Amino acid sequence: MIGQRSLFSDDPLEMCTDLDQLKELNLQCRRCGLRDGCNGVVFGKGNPRARLMLIGEGPGAEEDRQGLPFVGAAGQLLDKILAAAEIPVEEVYIANIVKCRPPNNRVPTREEMDACLPWLWRQIELISPAIIVLLGSTALQGLVDPKGRITRVRGQWLDWNGIKVMPTYHPAALLRDPSKKKPAWEDFKKVRDLYRQLKEREARLNLA
Ligand code: URA
């Protein structure tokens, strides 16, 4: 169990046993006001059995239009980074702290994050990744540390409920400030190396 829910609760999120059921429920969510100002819920995309999950802030205009996370300019950069790290995009799962686009792409409020986080917690439980990459300070503050500073903790492995967590800059920050590209790449190299080790270990175990 992740978050503040009881193991024996009849929480509808807990009752969802796969991502399709959870998405179905999430599409009906009205836990905060964001849903009134956007086209729809952007649940997440990718491999439901991913060992690596990437978490961003919230959908932008293009994501809101297409109903998928990271499909705009930041998403294209993220695809390039994953390709450079030789991490196949079909192997990962990508989601956001908030599932609905905040007006004018403003940073979601703490209340909006708190209202939305149970969806992400349940996504993480169902996917059960070994590694999570947090993209930017909203992801860091939403999931791990409300007062966390991305400039301070980026590049350091954190532990969150037994999952290895790497905070790094958001790809949109790299587009705004190219001097952040080099440190972000250093962070992704750490992710690449651990991911490789993990895949190799799991492949060996599966053969044994
Ligand atoms: N930025 C995010 O944080 N998430 C998206 O899905 C797109 C841009």
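The rules behind the values
- Residues numbered from 1 in each chain as written.
- Predicted model: local features only at pLDDT ≥ 70, side-chain atom pairs only at ≥ 80, totals over all residues.
- Heavy atoms only, no water.
- Helix = DSSP H or I, 4+ residues; strand = E, 2+ residues; numbered from the N terminus.
- Rg over C-alpha atoms; globule rule 2.2 N^0.38 Å.
- Buried < 20%, exposed > 50% of the residue type's maximum accessible area, 1.4 Å probe, protein only.
- Contact = heavy atoms within 4.5 Å.
- Salt bridge = Lys/Arg side-chain N within 4 Å of Asp/Glu carboxyl O.
- Near = heavy atom within 4 Å.
- Polar contact = N/O pair within 3.5 Å; in protein donor to acceptor, adjacent residues only side chain to side chain.
- Areas by Shrake-Rupley, 256 points an atom, 1.4 Å probe, with all protein chains shown as cover.
- 1 Å grid on protein atoms, 1.4 Å probe; cavity = no way out; pocket = protein on both sides within 12 Å on 5 of 7 lines; lining within 4 Å.
- Sits in = over half its atoms within 2 Å of the grid points.
- Expected span 1.5 Å × (residues − 1).
- Arc of directions from axis to C-beta.

Draft legend 1. Main features of the overall build of the chain. For the chain, the count of helices and strands is nine helices and six strands. Computed over C-alpha atoms, the radius of gyration of the chain comes to 16 Å, within 12% of the 17 Å expected from 2.2 N^0.38 for 208 residues, which places it in the range of a compact globule. Along the first, second and third principal axes, the C-alpha atoms of the chain reach 45 × 40 × 30 Å. The buried share among the 208 residues of the chain stands at 48%. For the chain, restricting intrachain contacts to residue pairs at least 6 apart in sequence, the fraction spanning at least 24 positions comes to 72%.

Draft legend 2. Inspection of the pattern of salt bridges at higher detail. Under the criterion given, the structure shown has 12 salt bridges. In this structure, the salt-bridge partner of Arg51 is Glu202, at a minimum N-O distance of 2.9 Å. Here Arg51, found in the loop between strand S1 (45–46) and strand S2 (52–56), pairs with Glu202, found in helix H9 (residues 181–207); they are 151 residues apart in sequence, far enough to count as distant.

Draft legend 3. Just the site of the ligand, in detail. Residues in contact with the ligand, as listed here, are Gly56, Glu57, Gly58, Glu63, Pro69, Phe70, Asn96 and His170. Here Glu57 contributes a backbone N or O atom positioned 2.7 Å from an oxygen atom of the ligand. Contact between the ligand and Phe70: an oxygen atom at 2.9 Å from a main-chain N or O atom of the residue. Contact with the protein chains hides 91% of the accessible area of the ligand, taken as 230 Å² for the molecule alone. A molecule is said to occupy a pocket when more than half its atoms come within 2 Å of that pocket's grid points, and by this definition the ligand occupies the largest pocket.

Draft legend 4. Geometry of H9. Helix length check: H9 (27 residues) gives 38 Å between terminal C-alpha atoms against 39 Å at 1.5 Å per residue, within 8%. At its buried positions, H9 is contacted by S2, helix H4 (73–84), strand S4 (131–135), strand S6 (163–168) and helix H8 (171–176).

Draft legend 5. Local environment of helix H2 (residues 19–26). Buried residues of H2: Leu19, Leu22 and Asn26, and no others. The arc enclosing the buried residues of H2, seen along the axis, measures out at 60°, which places them on a common side. Of the exposed residues in H2, the ones pointing more than 90 degrees away from its buried face are Asp20 and Glu24. Lining the buried residues of H2 we find helix H1 (12–15), strand S3 (93–96) and helix H5 (110–127).

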